[in-house]
Amino acid sequence: MSLTNASPEAAASAAKTASFALATLPASARNEALDAIHAALSDAKDAILAANARDLDLARKAAADGSLSQALVSRLDLGKKGKWEDMLKGILDVRDLDDPIGQIQMRTKLDDDLIMERVSCPIGVLLIIFEARPEVIANIASLAIKSGNAAILKGGKESTESFVAISQVISSALEKSQVPNSAIQLVTTRDTIAQLLAQDRYIDLVIPRGSNELVRYIKESTKIPVLGHADGLCHIYLTDSADKDKAVTAIVDSKTSYPAACNAVETLLVQESALITIFPGVATGLAAKGVSLRCDSASKAAITSLSLEDVQDATPEDYDTEHLSLTLGVKTVPDIDAAITHINTHGSHHTDAILTSNAADAERFMNEVDSAGVYWNAATRLADGMRYGFGTEVGISTNKIHARGPVGLEGLTIYKYKIRGDYQATASYGDGESKRSWKHEKLDLQMKVTDL
């Protein structure tokens, strides 16, 4: 990794050149680089957390005067319980995954001595623009190196001390590896995002990590494909057949384990017939964790006797808002039809769940809700690359092409078609006399090329 103040075009050009070299490195060389990064970061923990503390001090002051959100401050804190350990574990998890490059996905015999294969390969050059989260640098560097992609990273000013410290450590580690130094670059020049987004000649994919305003700006400002999501407006539909106690656990975890996360639940849809039987226990559990409930009239009436501290009347905006805090919209719906319609209308197609004992309803919900993640009896917070077994992730995508949901190694690869022939030409094939017919025979993916 290099800290660069080169022009955006020069940085992108260097990354493109490096991507060709990185794509040809064997898996062993890429894994050795990840080992070096892990060891170097482990040794530099105190220095990096000290740099992060300086960022946090400034961020908290900015939050106090209203110029920075509390959600951003929370995301910035690298010393938060488990975050440092998860960052390091993610590097080793990625290292231990199968090599995603060179995997044969399809093999077809087009004709005698004419074999076609579809083989996985790196995308090329990734541009990652992120706010606050300093662990993104280690996550992206690991995933990029393992998947054979070059990466250019541009962080927000609120995390400058943190990402410079991390980058310097990773850079020194990579100098001892076979990974080209310019394959992973951290751009330090200010006000370069617009210029980087113009480098469609060199950059193949943009991955934004930050606020919905940042994501929307990027999507509107570049010709380069963008992978990501603007909002994390997640829902849980609580039915009358849900387990009374387990529902409390799943919903409370979805809202309170990390309220600033994009996979935290923002709207609870309650089946009308569950208002008296199950919802009061859920509301009590949420209130005990300090959650402010924004209720419609029916759900508010169902818990009035509980005298909970922070129950307010919901507004229409509450059901279209990613609160990123201990605030939860609650809306009553008559049945699964209304729940699905509400989610598909108001949701962000991120992650949505149904809590029910009715298997048919669960399958219908998961089939008809148009989201990247659809869960049955599980917390929305499960939407995470590490929890999916991807090692770590570059982000969560709500796109409908290439990659969707938590994006790990597989989402950072594409494929190419290889054909091995004997000088065949298309003029030899057709329906006429003396013309050959295509065979299109599916072949064993495990066969060696020499045995074909």
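Scroll up to find the structure.
Residues numbered from 1 in each chain as written. Predicted model: local features only at pLDDT ≥ 70, side-chain atom pairs only at ≥ 80, totals over all residues. Heavy atoms only, no water.

## Some words on the packing of aromatic side chains
Throughout the structure, instances matching the rule amount to four aromatic pairs. Ring geometry for Phe-130 versus Phe-163: centroids 6.1 Å apart, planes at 80°, classification edge-to-face. Here Phe-130 is found in strand 4 (residues 125-130), whereas its partner Phe-163 is found in helix 7 (residues 160-174), with 33 residues between them in sequence. Both residues of the pair, Phe-130 and Phe-163, count as buried. Between Tyr-415 and Tyr-417, the ring centres sit 5.7 Å apart and the planes meet at 80°, which makes this aromatic pair edge-to-face. Its guanidinium or amino end placed over the ring of Tyr-415, Arg-118 lies 4.5 Å from that ring's centre, counting from NZ or CZ. (Phe/Tyr/Trp six-rings, centres within 6.5 Å; stacked < 30°, edge-to-face > 60°. Helix = DSSP H or I, 4+ residues; strand = E, 2+ residues; numbered from the N terminus. Buried < 20%, exposed > 50% of the residue type's maximum accessible area, 1.4 Å probe, protein only. Lys NZ or Arg CZ within 6 Å of the ring centre and 35° of its normal.)

## Examining the layout of surface pockets
Size it by volume and the largest pocket reaches roughly 1,100 Å³. Lining the largest pocket are 45 residues, and of these Arg-133, Glu-135, Arg-209, Tyr-258 and Ala-261 lie nearest its centre. Counting residues per element, the ones that place at least two in the lining of the largest pocket are helix 4 (70-76), helix 5 (83-96), helix 6 (135-147), strand 7 (205-209), helix 9 (212-220), helix 15 (385-388) and strand 15 (395-397). Among the residues forming the lining of the largest pocket, the class breakdown is 17 nonpolar, 13 polar and 15 charged. As a volume, the second largest pocket reaches approximately 600 Å³. Listed by contribution, the elements that provide at least two residues to the lining of the second largest pocket are helix 3 (45-64), strand 4, strand 5 (150-155) and helix 7. Across the lining of the second largest pocket, the residue classes tally to twelve nonpolar, five polar and eight charged. (1 Å grid on protein atoms, 1.4 Å probe; cavity = no way out; pocket = protein on both sides within 12 Å on 5 of 7 lines; lining within 4 Å. Points joined across faces, edges and corners; volume = space filled by probe spheres on them. Nonpolar A, V, L, I, M, F, W, Y, C, P; charged D, E, K, R; others polar.)

## Side note on the pairing of strand 8 (residues 234-238)
A regular strand places its side chains on the two faces of the sheet in alternate fashion. Among the five residues that make up strand 8, five are buried, leaving the element largely enclosed by the rest of the structure. Where burial is concerned, the two faces of strand 8 agree: the one with Cys-234, Ile-236 and Leu-238 and the one with His-235 and Tyr-237 are both buried. Where strand 8 lies against strand 9 (residues 265-271), five bridges are found, and the strand directions are parallel. Pairing of Ile-236 across the sheet is with Leu-268, part of strand 9. Crossover connection from strand 8 via helix 10 (residues 244-256) to parallel strand 9: handedness right-handed. The pairing of strand 8 with strand 13 (residues 351-355) spans four bridges and is classified as parallel. Paired with Leu-238 across the bridge in strand 13 is Leu-355. (Pairing = 2+ DSSP bridges. Right-handed = clockwise from strand over helix to strand, strands pointing away.)

## Concerning the pattern of salt bridges
Considering all chains together, one arrives at 23 salt bridges under this definition. Of the charged contacts, one joins Asp-231 and Arg-216 as a salt bridge, the two residues approaching to 2.7 Å between their closest N and O atoms. Remark: Arg-216 occurs in helix 9 and Asp-231 occurs in the loop between helix 9 and strand 8; sequence separation between them is 15 residues. You can call Asp-231 buried: its relative accessible area is 18%. (Salt bridge = Lys/Arg side-chain N within 4 Å of Asp/Glu carboxyl O.)

## Considerations on the sheet that holds strand 8
Taken together, seven strands build an open sheet; the order of strands is 11-10-12-9-8-13-14 and the sheet is parallel. Each edge of the open sheet carries a strand with a single partner, namely strand 11 (311-313) and strand 14 (373-376). Strand-to-strand twist of the sheet, defined as the mean angle between neighbouring strand axes without regard to direction, takes the value 20°. Pairing of strand 9 with strand 12 (residues 327-333) involves five bridges; the strand directions are parallel. (Axes fitted to C-alpha atoms, helices over the stretch in contact; angles between N-to-C directions.)

## Re the pairing of strand 12
With six of its seven residues buried, strand 12 lies for the most part within the structure. Bridge analysis of strand 10 (residues 292-295) against strand 12 gives four bridges, and the strand direction is parallel. Counted as the bridge partner of Cys-295 is Val-330 from strand 12.

## Brief notes about the sheet that holds strand 17 (residues 413-420)
As summarised here, the arrangement of the four strands in space is 17-3-2-18, forming an open sheet in which the pairing is antiparallel. Each having just a single partner strand, strand 17 and strand 18 (441-442) make up the two edges of the open sheet.

## Topic: the side chain of His-235
Relative to the assigned elements, His-235 resides in strand 8. When neighbours within four sequence positions are excluded, His-235 is seen to be in contact with Val-265, Thr-267, Leu-269, His-342, Ile-343, His-346, Gly-347, Thr-351, Asp-352, Ala-353 and Thr-380. (Contact = heavy atoms within 4.5 Å.)

## What about the nonpolar core?
Core analysis: the biggest nonpolar cluster contains 51 residues, and Ile-37, Leu-41, Ile-48, Ile-128, Leu-153 and Ile-184 have the highest contact counts within it. Sorting elements by how many residues they give to this core places helix 6 first, with eight residues. Membership of the second largest hydrophobic core comes to 31 residues, among which are Leu-286, Val-291, Ala-302 and Ile-396. (Core = buried A, V, L, I, M, F, W, Y, C linked by side-chain atoms within 4.5 Å.)

Worth remembering: the numbers are spatial, not functional.
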